[in-house]
Amino acid sequence: MASVPKQRVSVIGGGGNVGAATAFSLIAKGVPAEVLVVDVVDKAAEGQALDISDAAFMMPGICRKGTFKEAGQSDVIIVTAGARQQPNEPRSALIDRNYKIIKSIMDSLQPIKQTAKILMVSNPVDVLTDIAQKTSGLPRNQVIGSGTYLDSGRLRNALSEITGVSPTSIHAYMLGEHGDNQFTGWSSARIGGRPLLEHPKMKEIDLDKIYEQIQRKAYVIIEAKGSTYYGIGICAATIAEALLNNTNQVFPIVNYVEKFGCYLSWPAAIGCDGVEQSFDVKLDSEECKKLDSAINAIKEVCSKYN
Ligand SMILES: NC(=O)C1=CN([C@@H]2O[C@H](COP(=O)(O)OP(=O)(O)OC[C@H]3O[C@@H](n4cnc5c(N)ncnc54)[C@H](O)[C@@H]3O)[C@@H](O)[C@H]2O)C=CC1
Ligand SMILES: CC(=O)C(=O)O
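Parameters and conventions
- Residues numbered from 1 in each chain as written.
- Chains lettered and ligands numbered in written order.
- Predicted model: local features only at pLDDT ≥ 70, side-chain atom pairs only at ≥ 80, totals over all residues.
- Heavy atoms only, no water.
- UniProt positions renumbered as here; feature names shortened; annotations may be inferred.
- Helix = DSSP H or I, 4+ residues; strand = E, 2+ residues; numbered from the N terminus.
- Rg over C-alpha atoms; globule rule 2.2 N^0.38 Å.
- Buried < 20%, exposed > 50% of the residue type's maximum accessible area, 1.4 Å probe, protein only.
- Contact = heavy atoms within 4.5 Å.
- Areas by Shrake-Rupley, 256 points an atom, 1.4 Å probe, with all protein chains shown as cover.
- Lys, Arg positive; Asp, Glu negative; His and termini not counted.
- Charge placed at Lys NZ, Arg CZ, Asp CG, Glu CD.
- Near = heavy atom within 4 Å.
- Polar contact = N/O pair within 3.5 Å; in protein donor to acceptor, adjacent residues only side chain to side chain.
- Nonpolar A, V, L, I, M, F, W, Y, C, P; charged D, E, K, R; others polar.
- Domains from an automatic or database assignment.
- Core = buried A, V, L, I, M, F, W, Y, C linked by side-chain atoms within 4.5 Å.
- Pairing = 2+ DSSP bridges.

- The name given to the protein in an unreviewed UniProt entry is L-lactate dehydrogenase, with the source organism recorded as Coemansia reversa.
- Listed under Sequence similarities (unreviewed entry) in UniProt, the entry text for the protein is "Belongs to the LDH/MDH superfamily. LDH family."

### Notes on the overall build of the protein
- Along its length, the protein carries 9 helices and 14 strands.
- In summary, the protein has a C-alpha radius of gyration of 19 Å against a globular reference of 19 Å for 306 residues, a match within 12%.
- Buried residues in the protein amount to 52% of all 306 residues.
- Of all intrachain contacts in the protein linking residues separated by at least 6 positions in sequence, the fraction that spans at least 24 positions is 70%.
- Put simply, the protein shows about 13,500 Å² of open surface, and 52% of that area lies on carbon and sulfur atoms.
- In the protein, 32 side chains carry a positive charge and 33 a negative one; their mean positions are 1 Å apart.

### Re the site of ligand 2
- Gln 85, Arg 91, Asn 123, Leu 150, Arg 154, His 178, Ala 218 and Thr 228 make up every residue found near ligand 2.
- Separating an oxygen atom of ligand 2 from a side-chain N or O atom of Arg 91 is a distance of 2.8 Å.
- At 2.7 Å from an oxygen atom of ligand 2 is found a side-chain nitrogen or oxygen belonging to His 178.
- Burial of ligand 2 by the surrounding chains reaches 91%, relative to a free accessible area of 220 Å².
- Of the residues that constitute the shell around ligand 2, the class distribution is 2 nonpolar, 4 polar and 2 charged.
- Two domains each provide a minimum of three residues to the shell around ligand 2, namely domain 1 (7-145) and domain 2 (149-301).

### Overview of the nonpolar core
- Membership of the largest hydrophobic core comes to 40 residues, with the highest contact counts inside it found for Val 79, Ile 102, Met 106, Ile 118, Met 120, Leu 264 and Trp 266.
- Those elements that provide at least two residues to this core are strand 2 (33-38), strand 4 (76-79), helix 4 (95-109), strand 5 (117-120), helix 5 (125-136), strand 12 (249-257), strand 13 (262-271) and helix 9 (285-304).
- For this core, the domains that each give at least three residues are domain 1 (7-145) and domain 2 (149-301).
- Leave out the neighbours within four places in its chain, and Val 79 touches Ile 12, Ile 102, Ile 105, Met 106, Ile 118, Leu 119, Met 120, Val 121 and Ser 122.
- One finds Val 31, Val 35, Ile 78 and Tyr 149 within the second-largest nonpolar core, a separate group that totals 39 residues.

### As for the pairing of strand 14 (residues 274-278)
- Alignment of strand 13 against strand 14, held across 4 bridges, turns out to be antiparallel. Its bridge partner being in strand 14, Ile 270 is matched across the sheet by Val 275.
- The loop that links strand 13 with its antiparallel partner strand 14 comprises 2 residues.

### Here's the deal with the sheet that holds strand 11 (residues 194-195)
- An order of 7-10-11 is seen for the 3 strands of this open sheet, with the pairing classed as antiparallel. Where the open sheet ends on each side, the last strands, each with one partner, are strand 7 (170-171) and strand 11.
- Across 2 bridges, the pairing between strand 7 and strand 10 (residues 190-191) is antiparallel. Paired with Ile 170 across the bridge in strand 10 is Ile 191.

### Let's talk about the environment of Leu 138
- Here Leu 138 lies in the loop between helix 5 and strand 6 (143-145).
- Judged by relative accessible area, Leu 138 falls into the buried class, the value being 1%.
- The sequence separation of Leu 138 and Ile 112 amounts to 26 residues, and the corresponding C-alpha distance is 8.2 Å.
- When neighbours within four sequence positions are excluded, Leu 138 is seen to be in contact with Ile 112, Lys 113, Gln 114, Ala 116, Ile 118, Gln 133 and Val 143.

Okay, structure coming up:
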């Protein structure tokens, strides 16, 4: 039998769609980690872990079912547990159902390894990251959420179709909240070292229409097939890889930004200590107003649930 990798990543809620897609993405990306699938429904965790372990036979990672106690001793703990949206339901409506689940999960994980990093994915992710940090007892830099990394990927794909440039060479963010209060950071967007909006193909584009397409994409997928999971699976696995390998890659993710006094979706460099650096994004006056709306919406919910 091959030796067990030294680093461990646990996926809580791994019996469900997002958790299984995340565990599978970790294995398929070749992350050399022991991936534990943990779920309150033991049989779902067992089935997903066995299925994903079949995909791992030629990869450096391994996958098995795990317990909450084992998960608490992981290097990275990814939380995807909880209720998902019904068609047309906003993410914010999940808070009543999911905040109790997140609090009970943080209790079940205790004692949590002091160097562990928690990556929240369950929605509403900006608020639940705040709740997870407070209930886990870990420092703020070690508790983050996937935030608008997924939305920014959706944006970069759409911009790639318009400009004909690879999405990896388009630097553009959805910011604020992974929810209805997200906004596009058009004024900070860059392509080939130039402002994105100066690209000839962007001149005749309706920016509001692109924004709406990105902001609505999850609703469209949920209406069509019930839930979204492949995109977030690869996003969560990529963030986990940055945490394990200390890459200091910049992601628009949920992190605590001192000057705003709350967790929100904002660019940060991610390494082995969690958040290594947060950035001051250049915004125009309209974008500043949208940022204020996102901060107010997040703070209002946080104040009710803490
Ligand atoms: N942040 C993001 O970009 C995204 C977030 N999500 C969110 O991810 C969450 C999960 O969505 P799906 O996987 O589609 O739902 P799902 O219903 O397929 O899976 C949820 C899983 O959580 C488990 N669970 C419930 N309570 C638990 C507990 N106390 N401990 C451990 N496991 C528990 C369930 O047994 C189930 O296996 C939802 O909140 C959804 O909104 C979904 C897509 C993208
Ligand atoms: C469900 C969700 O949060 C998303 O796909 O963006």
